Every structure is written in C-alpha cells, then in structure tokens.
Amino acid sequence: MNPLKYIHSHFGAKLLLSYLVIIMVGVLVLMVSAELAVPRAFERHIASMGGMMGGSHMMGPLFNNFRAAVTEALSLAALAAFTAAVLVSLFVSQRVIAPVRAIRFASQRIAEGRYTERVGLPANLDQESLDELDQLALTFNQMAEKLEQTENIRKQLIGDVAHELRTPLTTIQGSMEGLIDGILPAEERTFQAILREAERLRRLVDDLQELSRVEAGSFELNKKPASIGGLIEETLKRMERQFLEKSVRLLKDVALDLPQVSVDADRIHQILINLLGNALQYTPSGGQVTVSARQAGMGIQIRVEDTGIGILPEHLPYLFDRFYRVDKSRSRAGGGSGIGLTITKHLVESHGGQIWAESPGPDQGSAFIFTLPISN
Ligand code: ADP
C-alpha cells in the first residue's frame, strides 16, 4: 500500500507520525544550536589554554578536533535518544489507538446486526477518573444496550402481530375452503362467522395502529380543565345500553366537590371505555360494576371495580403488557386483542398519572385504578 495513503487512513500512523515530527524537530534544534554554540564554547573553555599548549598556530586544528568530538558525541546521543523516543511513541500511540480500534470493531459488528456486542471497559470503573476515550466507550455501550432493547421489542412485536393475525386469517381461509368444497353450508350462519373473524381482524389492525401511535408518543393531548364527575357521567351514559343488555348493574360513586383536572376529555373517555368494556366482558350477567372517584393526595383516583371473574395475583403485573391475556381463548372469544390495557396505560401516563390492577383472586372481582394529577 502507498505509505501516504496508509498514513491518511490510519489514525495510529498519524499519531506516530506526529510524534516523529516532534522528535525530528527536537533533534534538529539540538544539532543546530550545538553547532552554533561550539565556537563560543571553544573560545571560553579551550582557547584560553592555547598559550600553555604552544601558541596560536595550534588553535585551528584544535578547534576542528573539538568540533569533530562534539559532533560525534552529540550524534551518538541524538541517535540513542531518537531510538528511545521512537520506541516510546510506538508504544504510546498503540495505547491511545487501542480503545478507538475496539469501538470501531464493535460498531462494525453492531452494523452487521450483532446487537450484543460491547466494548471492554476497565474493571474498576470510577466516574471521576474516566478520560474522554473511556467515556466514549461507556456511552457507546449504553447506545448498544438501547439498540439491543429496541431490536428485541421489534422482533417480539413482529412475532406477536404475526401470531395474532394468523388465527382469524386461518379461520376465514378454512371457512372459505369449506364453502368452496361444499363441506360448509352456504347459509347465513357461515357468512356471519366469517364476518365476525373479519371484524376481529379489523379491530386488531385498528388497535395496533392506535398502539403504535401512543407508543411512539405521536399524538397530541388537547388538555382543558374538566370535571372528572362530568366525564364519568358522559361515559356511563354511552355504555348504559351494553350493560343493560348483559344485565350487569352499572353504578357510580363520585365524591362531591372534586377539584378540576386538566385533561384531554376524549382520551379520558377512551380510558374509561376500555376499562368499563373489560369490566363488562369479564363480569357474568347479574354482576355489578362500580365507577368511583375520590381525591387522593395531589391527585384524583378513579376506580373501575367489578364483581367478575377476578385475576390471579401472578398475572397482575403483566396485564398492561401488550398482547398479554390471562385466558387467551376467553379473551379472543370476546374479541379481545390484549392491547387495550397497554393503550390505556400509555394514555394515563401521558396525563402524568398511574394505573394498576387489584384483585382478591379468581371469581372475586377485580379493580382497575388510575390517578390523574389535579391541575394547579
Ligand atoms: P383484551 O382485549 O384481551 O381484553 P386487555 O389489554 O384489555 O386485552 O386486557 C388484558 C387482559 O387482562 C385480558 O385478556 C384479561 O385476561 C385481563 N383483564 C382485563 N380486565 C379484566 C377484568 N375486569 N377482569 C378480569 N380480567 C381482566
């Protein structure tokens, strides 16, 4: 390879070259200044001895010998110093370049899709004693960690979505094949079943779209001061009929004189509809669902409580994860995609609130509670 090109494309070579230039300049300055200093040094230290050594005709050769001696000694010393300096520069530039090389290598591997790659760091990491290169390696590792997480989420999401889409699609395909082969009767019941699956697919796609919007944070909250009692009242009115049809009682218990909250009314309706929809779905006929609201510290706590099928404690922490369903077949039969609570959680958190679930156990009902900060 052309040496100029090599130096151009290698930081280590550039670093070494810069050291060499410094060494050369040092040696050059040493030689030139010694050369200039020689006559005066000779004058001061040797010339005075001229008389003793046999007169001024000796001065010329003596000076030449003196100069030769100085040049010889100096050249030898400069050579030794030069060699030592080059060796040290080689070592130092290797030390400086090693972490840069490690980061380059790791970034190449990440670019190839190996997200587990990390740069080695000193064992006893002390934030105070980190130099710029250590810090670069540290931030690089943090970036790699984030990339790995995002990649894992992406892979899992694609897997989940494919799995969720496959079930209704398989059912539709099976029914259509059955119709073509004449195994299934071409009657309303068959078409209704196909329609139900198509509707489920559409709902799933809508939910996914909404999920990606809330997860990316690409929705705007149109916050305005509102009374939470009023918002609950409106939602209950909208859902009254569905509860009536399933014979589940719908009750309201909202504390009087609650302070106003600054919220996006449509989003609060969406949260309440999701929670009430679930409560209705998982509560058998004859049961009861209560929506209550009260002040708790600096916020308002809203509780949607049902007397339904309840939830085992081990499921409670995962209910808000996407596609998590306690009983897949039961949830799916009711059109559930397992995304509703994930969307709800994002909406509550975008308002600065929190959401969680409680349940004493199976068949003992459950409660979903969320908070909203009081507007100042
Ligand atoms: P889905 O669309 O399946 O209802 P969600 O995200 O809304 O999805 O809920 C996730 C899971 O949480 C449900 O599949 C169900 O198992 C459980 N769940 C939600 N609400 C209730 C409830 N009120 N009672 C019992 N289980 C519930």
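Below is a short write-up of the structure. Note that the structure is a prediction, hence the values are computed from the model and not measured. (Residues numbered from 1 in each chain as written. Predicted model: local features only at pLDDT ≥ 70, side-chain atom pairs only at ≥ 80, totals over all residues. Heavy atoms only, no water.)

Here the focus is the pairing of strand β4 (residues 288–296). Judged from the six bridges that link them, strand β2 (residues 249–254) and β4 form a sheet pairing that is parallel. Note that in β4 the partner of arginine 249 across the bridge is glutamine 288. One ladder, built from eight bridges, connects β4 with strand β5 (residues 299–306); its direction is antiparallel. Paired with alanine 296 across the bridge in β5 is glycine 299. (Pairing = 2+ DSSP bridges. Helix = DSSP H or I, 4+ residues; strand = E, 2+ residues; numbered from the N terminus.)

Taken in spatial order, the five strands make up an open sheet running β2-β4-β5-β7-β6, and their pairing is mixed. Lying at the two open borders of the sheet, with one neighbouring strand each, are β2 and β6 (355–358). In this sheet, neighbouring strand axes are inclined to one another by 15° on average, regardless of whether the strands run parallel or antiparallel. Bridge count for β5 against strand β7 (residues 367–373) is seven bridges, and the pairing is antiparallel. By the bridge assignment for β7, glutamate 305 is matched with alanine 367. Along the sheet, helix α6 (residues 228–246) makes contact with β2, β4, β5 and β7, crossing β2 at roughly 175°. Sheet strands touched by helix α7 (residues 265–281): β2, β4, β5, β6 and β7. Its angle to β5, the strand with the most contacts, is close to 25°. (Axes fitted to C-alpha atoms, helices over the stretch in contact; angles between N-to-C directions. Contact = heavy atoms within 4.5 Å.)

Before going further, it helps to spend a moment on the packing of helix α3 (residues 59–111) against helix α4 (residues 132–181). Taken N-terminus to C-terminus, the directions of α3 and α4 make an angle of 10°; their axes are 10 Å apart at the nearest point. Classed by the angle they form, the pair α3 and α4 counts as roughly parallel. Here α3 contributes Val96, Pro99, Val100, Ile103, Ala106, Ser107 and Ile110 to the contact with α4, which in turn contributes Leu133, Leu136, Ala137, Phe140, Ala144 and Leu147. (Parallel < 35°, antiparallel > 145°, perpendicular 65-115°, else oblique.)

A word on the pairing of β7. For β7, the tally of buried residues reaches six of seven residues, placing the bulk of the element in the interior. In this structure, β6 lies alongside β7, joined through four bridges in antiparallel fashion. Each residue of the ladder has a partner; that of tryptophan 356, found in β7, is isoleucine 369. (Buried < 20%, exposed > 50% of the residue type's maximum accessible area, 1.4 Å probe, protein only.)

This paragraph deals with the pattern of salt bridges. Taken as a whole and assessed by the stated rule, the structure comprises 19 salt bridges. Where glutamate 35 meets arginine 67, a salt bridge forms, and the shortest distance between an N and an O atom there is 3.4 Å. With glutamate 35 in helix α2 (residues 11–45) and arginine 67 in helix α3, this residue pair connects regions lying 32 residues apart in the sequence. Residue arginine 189 is joined to glutamate 187 by a salt bridge in which the shortest nitrogen-to-oxygen separation is 3.4 Å. A network of salt bridges, in which partner residues are shared, links Arg118, Glu145 and Glu148. (Salt bridge = Lys/Arg side-chain N within 4 Å of Asp/Glu carboxyl O.)

In this section: α7. Under the 1.5 Å per step criterion, the end-to-end length of α7 is 24 Å for 17 residues, consistent within 8% with the ideal 24 Å. Restricting attention to buried positions, one finds in α7 the residues Arg267, Ile268, His269, Ile271, Leu272, Leu275, Leu276, Ala279 and Leu280. The backbone nitrogen of aspartate 266 lies 3.1 Å from a side-chain oxygen of the residue at the head of α7, namely aspartate 264. (Expected span 1.5 Å × (residues − 1). Polar contact = N/O pair within 3.5 Å; in protein donor to acceptor, adjacent residues only side chain to side chain.)

Of all hydrophobic cores here, the largest spans 46 residues; its most connected members are Ile228, Ile302 and Phe370. For isoleucine 228, the contacting residues outside a window of four places in its chain are Leu258, Val261, Ile268, Ala293, Ile300, Ile302 and Leu372. (Core = buried A, V, L, I, M, F, W, Y, C linked by side-chain atoms within 4.5 Å.)

Its location among the elements puts phenylalanine 42 in helix α2. The class for phenylalanine 42 is buried, based on a relative accessible area of 5%. Residues phenylalanine 42 and phenylalanine 63, spaced 21 residues apart in sequence, show a C-alpha to C-alpha distance of 6.9 Å. In this structure phenylalanine 42 touches Ala47, Met59, Leu62, Phe63 and Phe66, once residues within four positions along its chain are discounted.

Next up on the list: the packing of α2 against α3. Two elements in contact, α2 and α3, have axes whose closest approach is 9 Å; the angle formed by their N-to-C orientations is 165°. By the angle between their axes, α2 is roughly antiparallel relative to α3. Crossing geometry of α2 relative to α3 is assigned as right-handed. Residues of the contact of α2 with α3, tallied by class, amount to 28 nonpolar, five polar and two charged. (Left-handed = near helix turned anticlockwise from the far one by under 90°. Nonpolar A, V, L, I, M, F, W, Y, C, P; charged D, E, K, R; others polar.)

In this section: α4. Here α4 spans 72 Å end to end across 50 residues, near enough to the 74 Å set by a 1.5 Å rise per residue. Of all bends in α4, the biggest is about 25°, found at arginine 166, and the proline proline 168 comes one to four residues later. Backbone geometry just downstream of α4 places glycine 182 in the positive-phi region, at approximately 80°. (Bend = angle between axes of the 7 residues up to and from the residue.)

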